[in-house]
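Residues per chain are reported as follows:
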Amino acid sequence: MKKDNPKKEAYIKALLEKHLGKEGVFRQFEFSSWGMETRPDYVILYPDRFVYYEIKSEYDTLARLYKQMTAAQALFDEMYLVAPEKTLLQAEKEIPSLEFHCGTISLEDLERGNLIYRTKQVYKGHTSPAAVANILWSEERKDFVKNVSIAVNGLEMTKTEKYRKSREIIELVSTSESCLNLLNDILPNRGYNYRATRASRG
């Protein structure tokens, strides 16, 4: 099995940062998210969309790529595979529906100083309430639900009850559009490379 070369991946990350380092309201490598099966290599949050960049070096296997793409569609509006041209061609061959799940950016274009979207994603994802509820840390969910009025059988839920059911409440009262607004309110406050303690995520 091919093994990832950290130096090569770090090189691609540096090129991406050179081109996208001032984009959006929030950016992070190795996006820290408690509720996702995979950890996105690079994410950028814009006021109107959430974008995921998956980095593959020439030493990477593509075995998990399809799973990463389909999982991403529940949270991210757009996804791009960033890799050497040879790897992109291999991905297109192994995954016939690649263009439906992600766009592509070639390493060679980045090396020439150009950020070119070689192909664009055909099927757009969406920021679903369930996915957002899962990636928010416990304190972030509590801050959101404490101002939400929820009644069960005619009785207002207590603060403790709302905290306990914060994920369900976010799913109940949110839409894709409001979730994007919620992320724009919350994620920039985490800081660029902020790492929370395990206890704060929950």
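Above: the structure in question.
Conventions and cut-offs
Residues numbered from 1 in each chain as written. Predicted model: local features only at pLDDT ≥ 70, side-chain atom pairs only at ≥ 80, totals over all residues. Heavy atoms only, no water. Helix = DSSP H or I, 4+ residues; strand = E, 2+ residues; numbered from the N terminus. Polar contact = N/O pair within 3.5 Å; in protein donor to acceptor, adjacent residues only side chain to side chain. Buried < 20%, exposed > 50% of the residue type's maximum accessible area, 1.4 Å probe, protein only. Pairing = 2+ DSSP bridges. Right-handed = clockwise from strand over helix to strand, strands pointing away. Patch = residues over 30% accessible without salt bridge, like charges linked within 9 Å, V, L, I, M, F, W, Y side chains within 5 Å. Areas by Shrake-Rupley, 256 points an atom, 1.4 Å probe, with all protein chains shown as cover. Salt bridge = Lys/Arg side-chain N within 4 Å of Asp/Glu carboxyl O. Core = buried A, V, L, I, M, F, W, Y, C linked by side-chain atoms within 4.5 Å. Contact = heavy atoms within 4.5 Å.

Caption draft 1: Geometry of the side chain of His101. Structurally, the position occupied by His101 is in helix α4 (residues 98-101). At 3.0 Å, the side chain of His101 and the side chain of Gln73 are in polar contact.

Caption draft 2: Examining the pairing of strand β4 (residues 78-83) more closely. Among the six residues of β4, six are classified as buried, and the element is accordingly described as predominantly covered. Of the two faces of β4, the one carrying Glu78, Tyr80 and Val82 and the one carrying Met79, Leu81 and Ala83 are both buried. Both strand β3 (residues 49-55) and β4 contribute to a ladder of five bridges, which runs parallel. Residue Tyr53 lies in a different strand from β4, and its bridge partner there is Tyr80. Of the crossover connections in this fold, the one passing from β3 over helix α2 (residues 65-72) to the parallel β4 is right-handed. One ladder, built from four bridges, connects β4 with strand β5 (residues 103-106); its direction is parallel. Looking across to β5, one finds that Tyr80 is bridged to Gly103.

Caption draft 3: Quick look at a nonpolar patch on the surface. Together, Phe100, Val122 and Tyr123 make up an exposed nonpolar region whose accessible area comes to about 300 Å². Mapped onto the secondary structure, Phe100 falls in helix α4.

Caption draft 4: Local environment of the nonpolar core. Membership of the largest hydrophobic core comes to 37 residues, with the highest contact counts inside it found for Phe50, Leu65 and Leu183. At the level of secondary structure, the elements contributing two or more residues to this core comprise β2 (42-46), β3, α2, β4, α3 (85-94), α6 (129-135), α9 (166-173) and α10 (176-186). At five residues, the largest contribution of residues to this core is made by α10. Setting aside residues no more than four positions away along its own chain, Phe50 makes contact with Phe31, Val43, Ile44, Leu45, Leu75, Phe76, Asp77, Glu78, Thr127, Leu180, Leu183 and Leu187. Core analysis: the next-biggest nonpolar cluster, separate from the first, contains 16 residues, Leu15, Leu20, Phe29 and Ile44 among them.

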